[in-house]
Each structure stands twice: as C-alpha cells, then as structure tokens.
Amino acid sequence: MVDKKINISLNISAQTQDLKARVQEIHNNLNKVNIPGLNKNSFEKELLSLQTRLEKLLQISNKPEGLLKASDLKSAEKEIGSIQSSLKGRTQQLDRAGSWSQKEKLKFLPDGEY
C-alpha cells in the first residue's frame with residue numbers, strides 16, 4: 001500500500017510580518033498623540049495582545065512544509081479571526097475617539113492606511 005501524504009504550507013509569513021511591524025509602529029506612535037476620548041491604556045493592551053497573536057500566527061506559518069498538521073491550520077484560522085476582530089475593534093475605537101476628521105485620523109496611522 002502506498003503511503004499518501006498531503007503537504008500543507010501557509011504562505012502568509014510576509015504579510016503577517018508586515019502587519020506586525022505596522023502594529024508596532026502604531027504602538028510606538030500612540031504615546032506621541034493625544035486623542036480625546038481614547039483610553040490609551042486599554043488601546044495599548046489591545047495592541048500588545050494583537051502583537052502576541054501575530055507572533056503565534058508567524059510561528060505557525062514558519063513551520064517547515066510537511067510539518068503542519070490539521071490542528072495547526074485550526075490554530076492559524078483562530079488567530080486570523082482574532083486578529084481581524086481586534087483590528088476591527090481598534091478601528092471602531094479610533095472612529096469614536098474625539099472629533100477628528102477622517103483626514104486627521106489618517107495622519108495618525110502609518111502610511112495613511114486606515
């Protein structure tokens with residue numbers, strides 16, 4: 001009988017690394033601005049949590065091809081869902097903060113991305 005194996009690879013490492021760098025940049029810039037209505041401590045904790053989830057996702061995606069298991073894919077899926085939820089929450093938090101115009105908010109985030 002032939003041993004059948006399925007090789008699975010996650011090609012998301014570069015995007016995850018880029019997102020992690022951008023979250024770190026936002027975290028670093030948070031102390032330089034005063035946003036009325038924004039709880040900086042809460043926002044900072046969420047950013048740190050987001051960085052931790054991104055690191056977990058990077059660890060999964062950097063596993064050598066052939067060593068990924070179904071449980072790794074489930075973990076990656078869970079982390080991606082958590083990351084998306086967190087990013088949506090931070091975006092909504094910024095939307096509610098202060099009376100900044102859309103243009104002013106865009107200046108706060110790296111490369112004008114919002």
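That block above? That's the structure.
Residues numbered from 1 in each chain as written. Predicted model: local features only at pLDDT ≥ 70, side-chain atom pairs only at ≥ 80, totals over all residues. Heavy atoms only, no water.

> So what about the overall build of the protein chain? Which residues, and what values?
The number of helices and strands found in the protein chain is four helices and zero strands. Listed by position from the N terminus, the elements making up the protein chain come as α-α-α-α. Sorting the 114 residues of the protein chain into buried and exposed places 30% on the buried side. In the protein chain, the share of contacts with a sequence separation of at least 24, taken over all contacts with a separation of at least 6, comes to 66%. Carbon and sulfur atoms make up 50% of the accessible area of the protein chain, which totals about 7,800 Å². (Helix = DSSP H or I, 4+ residues; strand = E, 2+ residues; numbered from the N terminus. Buried < 20%, exposed > 50% of the residue type's maximum accessible area, 1.4 Å probe, protein only. Contact = heavy atoms within 4.5 Å. Areas by Shrake-Rupley, 256 points an atom, 1.4 Å probe, with all protein chains shown as cover.)

> Describe the packing of helix H1 (residues 13–30) against helix H2 (residues 40–61), and please don't skip the residues or the numbers.
Where H1 meets H2, the closest approach of the two axes is 10 Å, and the angle between their N-to-C directions is 160°. The angle between H1 and H2 falls in the class roughly antiparallel. Judged by the twist between their axes, the crossing of H1 over H2 is left-handed. Between H1, through Ser13, Thr16, Gln17, Leu19, Lys20, Val23, Gln24, Ile26, His27 and Leu30, and H2, the contact on the second element is made entirely by Lys40, Phe43, Glu44, Leu47, Leu48, Leu50, Gln51, Leu54, Glu55, Leu57, Leu58 and Ser61. Tallied by class, the residues present in the contact of H1 with H2 amount to 11 nonpolar, seven polar and four charged. (Axes fitted to C-alpha atoms, helices over the stretch in contact; angles between N-to-C directions. Parallel < 35°, antiparallel > 145°, perpendicular 65-115°, else oblique. Left-handed = near helix turned anticlockwise from the far one by under 90°. Nonpolar A, V, L, I, M, F, W, Y, C, P; charged D, E, K, R; others polar.)

> Provide a residue-level description of the environment of Leu30, including the pertinent values.
Its place among the elements puts Leu30 in helix H1. A relative accessible area of 1% places Leu30 in the buried class.

> Quick one: what's the story with the nonpolar core, residue by residue and with numbers?
With 15 residues, the main nonpolar core has Leu38, Phe43 and Leu47 as its most contacted residues. Taken together, the elements giving at least two residues each to this core come down to H1, H2 and helix H3 (70–96). Apart from the residues lying within four places of it in its own chain, the contact partners of Leu47 are Val23, Ile26, His27 and Leu30. (Core = buried A, V, L, I, M, F, W, Y, C linked by side-chain atoms within 4.5 Å.)

> So what about the pattern of salt bridges? Which residues, and what values?
Inspection of every chain in the model, using the stated rule, returns four salt bridges. In this structure, Glu55 engages Lys20 in a salt bridge whose closest nitrogen and oxygen atoms are separated by 2.3 Å. Of this pair, Glu55 sits in helix H2 while Lys20 sits in helix H1, placing them 35 residues apart in sequence. (Salt bridge = Lys/Arg side-chain N within 4 Å of Asp/Glu carboxyl O.)

> Help me get a handle on H3, residues and values and all.
The end-to-end C-alpha distance of H3 is 39 Å, a good match for the 39 Å that 27 residues give at a rise of 1.5 Å each. Three or more residues of H3 are buried, namely Asp72, Ala76, Glu79, Ile83, Ser86, Gly89, Arg90, Gln93 and Leu94. (Expected span 1.5 Å × (residues − 1).)

> Run through H2, naming residues and quoting values.
The end-to-end C-alpha separation of H2 is 31 Å, in line with the 32 Å expected for 22 residues at 1.5 Å each. Every buried residue belonging to H2 is among Phe43, Leu47, Leu50, Gln51, Arg53, Leu54, Leu57, Leu58, Ile60 and Ser61, and all of these are buried. Those residues of H2 hidden inside the fold are in contact with H1 and H3.

> Give a description of the packing of H2 against H3 that names residues and reports values.
At a minimum axis distance of 9 Å, the contact between H2 and H3 shows a crossing angle of 155°. The angle between the axes of H2 and H3 places the two elements in the roughly antiparallel class. Considering the relative orientation of H2 and H3, their crossing is left-handed. Of the residues in H3, those in contact with Ser42, Phe43, Glu46, Leu50, Arg53, Leu54, Lys56, Leu57 and Ile60 of H2 are Asp72, Ser75, Ala76, Glu79, Ile80, Ser82, Ile83, Ser86, Leu87, Arg90, Gln93 and Leu94. Broken down by class, the residue content of the contact of H2 with H3 amounts to 10 nonpolar, five polar and six charged.

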